[in-house]
Amino acid sequence: MTHRVAIVGAGPSGFYAADGLLRANPDLHIDVIDRLPTPFGLVRAGVAPDHQGTKAVVRQFDRLLAQPDLRFAGNIEVGRDLSWEELGEAYDAVIVAIGMVIDKKLGVPGEDLPHVWGSWRFVGWLNGHPDFRTGPDLSKVERVAIIGNGNVALDVARVLAKSADEMAKSDIVPEAGSAIASAPIKDIHVIGRRGPENASFTNNELGEMGRLMRAVAVTDANGLDTIPPASDSTPEKLRKTKNLQILKGFAGNKPGSKSLTVRFLFNSAPVAFAPGVVDLTSGKLEADLVITCIGYAGEAFPRREDFFAVGWAKRGPTGTIPTNRAEGHAVAKQVIDWLAERDPKSGPDILPAAVDAAGWHRIDKHEVAAGSASGRPRVKLTDWQALLDVAQGG
Ligand SMILES: Cc1cc2nc3c(=O)[nH]c(=O)nc-3n(C[C@H](O)[C@H](O)[C@H](O)COP(=O)(O)OP(=O)(O)OC[C@H]3O[C@@H](n4cnc5c(N)ncnc54)[C@H](O)[C@@H]3O)c2cc1C
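Small disclaimer: the values here were computed from a predicted structure and weren't measured. (Residues numbered from 1 in each chain as written. Predicted model: local features only at pLDDT ≥ 70, side-chain atom pairs only at ≥ 80, totals over all residues.)

Chemist: How do you make sense of the overall build of the protein when you look at a structure like this?
Modeler: Within the protein, the regular secondary structure consists of 14 helices and 16 strands. A globule of 394 residues ought to have a C-alpha radius of gyration of about 21 Å, and the protein, at 22 Å, matches this closely. Among the 394 residues that make up the protein, the fraction classed as buried is 44%. Counting contacts in the protein only where the partners sit at least 6 residues apart, residues at least 24 apart contribute 81% of the total. (Helix = DSSP H or I, 4+ residues; strand = E, 2+ residues; numbered from the N terminus. Rg over C-alpha atoms; globule rule 2.2 N^0.38 Å. Buried ≥ 20, exposed ≤ 12 C-beta atoms within 10 Å, placed from the backbone. Contact = placed C-beta atoms within 7 Å.)

Chemist: Can you walk me through the domain arrangement of the protein in this structure?
Modeler: Accessible area lost upon the coming together of the parts serves often as the stated size of an interface. One can read the domain layout of the protein as domain 1 (4-101 + 298-355) and domain 2 (104-296). The straight-line distance from the C-alpha centre of domain 1 to that of domain 2 is 32 Å. Domain 1 puts 11 residues into the contact, and the matching count from domain 2 is 17 residues. Tallied by class, residues from the side of domain 1 that touches domain 2 come to six nonpolar, three polar and two charged. (Domains from an automatic or database assignment. Nonpolar A, V, L, I, M, F, W, Y, C, P; charged D, E, K, R; others polar.)

Chemist: Teacher, can you tell me more about the pairing of strand β14 (residues 289-292) here?
Modeler: Looking along a regular strand, one sees side chains alternate from face to face of the sheet. Burial along β14 is two-sided: Leu289 and Ile291 facing one way and Val290 and Thr292 facing the other are all buried. Pairing geometry for strand β7 (residues 143-147) and β14, over four bridges, is parallel. Paired with Val144 across the bridge in β14 is Leu289. (Pairing = 2+ DSSP bridges.)

Chemist: Would you take a moment to explain the site of the ligand for this structure?
Modeler: Among the 35 residues in the neighbourhood of the ligand, the closest are listed as Gly9, Gly11, Gly41, Gly99 and Gly311. Every element with two or more residues in the shell around the ligand is listed here: α1 (12-24), β2 (29-34), α2 (41-45), α7 (151-161) and α11 (312-315). The residue makeup of the shell around the ligand includes at least three contributed by each of domain 1 (4-101 + 298-355) and domain 2 (104-296). (Near = placed C-beta within 6 Å.)

Chemist: I keep staring at helix α8 (residues 174-182) and nothing clicks. Help me out?
Modeler: Because an α-helix packs 3.6 residues into every turn, residues spaced three or four apart end up facing the same way. Among all positions of α8, only Ala176, Gly177 and Ile180 are buried. Seen along its axis, α8 keeps its buried residues to an arc of 100°; they face one direction. Those residues of α8 that are buried are in contact with α6 (119-126) and α7. (Arc of directions from axis to C-beta.)

Chemist: Sorry, what's going on with the sheet that holds strand β8 (residues 187-191) here?
Modeler: The parallel open sheet is built from six strands, whose spatial order is β6-β14-β7-β8-β10-β9. Each edge of the open sheet carries a strand with a single partner, namely β6 (116-118) and β9 (215-219). On average, each strand axis in the sheet is inclined to that of its neighbour by 20°, with strand direction left out of account. Lying over the sheet, α7 contacts β7, β8, β9, β10 (260-265) and β14, oriented at roughly 175° with respect to β8. In the packing of helix α10 (residues 235-251) onto the sheet, contacts are made with β9 and β10, and the angle to β9 comes to roughly 110°. (Axes fitted to C-alpha atoms, helices over the stretch in contact; angles between N-to-C directions.)

Chemist: Which parts of the structure should I look at to understand the packing of α6 against α7?
Modeler: Between two packed helices, what matters for the description is the angle formed by their axes and the separation of those axes. Relative orientation of the contacting elements α6 and α7 amounts to 45°, with a least axis distance of 11 Å. Here α6 is positioned oblique relative to α7, judged by the angle of their axes. α6 and α7 meet at a crossing whose hand is left-handed. Along its contact with α6, which presents Ser119, Phe122, Val123 and Leu126, the element α7 presents Val152, Asp155, Val156 and Val159. Grouping the amino acids of the contact of α6 with α7 by side-chain chemistry returns six nonpolar, one polar and one charged. (Parallel < 35°, antiparallel > 145°, perpendicular 65-115°, else oblique. Left-handed = near helix turned anticlockwise from the far one by under 90°.)

Chemist: I keep staring at the nonpolar core and nothing clicks. Help me out?
Modeler: As a rule of thumb, nonpolar side chains are buried together in soluble globular proteins. Core analysis: the biggest nonpolar cluster contains 112 residues, and Ile7, Ile95, Ile146, Val156 and Ala157 have the highest contact counts within it. Per-element tally for this core: the top contributor is α7, with eight residues. Split by domain, this core shows at least three residues from each of two domains, domain 1 (4-101 + 298-355) and domain 2 (104-296). (Core = buried A, V, L, I, M, F, W, Y, C linked by C-beta atoms within 7 Å.)

Chemist: Please clarify how α10 should be interpreted in this entry.
Modeler: Between its first and last C-alpha, α10 extends 24 Å over 17 residues, near the 24 Å set by a 1.5 Å rise per residue. Among all positions of α10, only Lys240, Asn243, Leu244, Ile246, Leu247 and Phe250 are buried. Seen from one end, α10 has its buried residues packed into an arc of 165°, which puts them on one side. Tucked inside the fold, the buried residues of α10 contact α9 (203-208), β9 and β10. (Expected span 1.5 Å × (residues − 1).)

Have a look at this one:
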């Protein structure tokens, strides 16, 4: 008899955990379950559509889908289509890799106004997530306020600021791409509640903001000398120092020198939103669209001895894709140790009909073919039924 492990969530942490399990014990049977008919979690639905190099990590995961002992089961939502308890009864161990994608709230008045968007909803729309088929009306948006000082804030600012030519090789959904290209956006503010030395931007992503065709990045020169170069520089200090250097470069740029200006504003937090206006601790700012990029919360799942959390579901919404690798492998080791002391359970296959790896590959092929005519990596299917029809060979 073979042990059976369910991995709930086909994002990076789920795949890295599967990889760790198969390396340690190739005789296991692994079911990777996802609520979407497509695998790869936030690599498909979160990572910015113009960062195709980052998205290329999915090739590693796709290779795992070809392993005979690993079964992809898409379009099954645990908690809806079958319960966590049923999974716990049927499998020898359950790895919880469901991520965290509920937009956090600032808790200030006006946050539920229609022009205030959480980043997950917005990025899901750009990336063709089937839950988010409608984006904001950009037809009259001249001024955008982006709240947050992490890479997601930069992703959002960059995708809004890039020209259609710069997005031509991306897999942004065509409706979002044309809405952005034809929007009258002139000003984007990226707003951080603390000083520039505390921004969590990575150097490459910040530097990219200085190389946009139709947008100039600017900031105030104040506060950019806060970290003196140190001889004992840690990677974190080096990142901050380099960020300040990049921002100093932006401080020398002239606002309005290109058709769009991206303004980095620090030490400023929203206290209220009203139509067309953000009230900041530093004063009032006009904004037709607000996107909050302030982090995520997650869905609850049962904590049991035979359930092992991994990835964002375990450690919260921080860390890049590679962070999940070491952690996924470490959790796989814990699971292997747990299984070593237990006989395999026997019982019927409890999974309802699902989109399997062949179904996903039909979707993949369809999307890639749809993109090839326009030189894009793919044009995503965004409609649930269309995804299911194509998966079934329709
Ligand atoms: C907007 C954004 C941009 C990012 N950009 C980058 C980047 O450029 N580079 C980088 O290295 N990292 C980036 N990251 C971080 C990276 O995406 C995460 O580190 C990584 O995706 C976390 O992996 P995970 O497997 O824990 O979660 P996820 O990738 O979120 O995967 C979770 C999976 O679980 C599924 N699921 C959820 N609930 C259920 C359920 N009840 N039943 C079945 N399935 C379920 C979901 O559909 C999803 O497929 C970005 C994150 C975001 C939000």
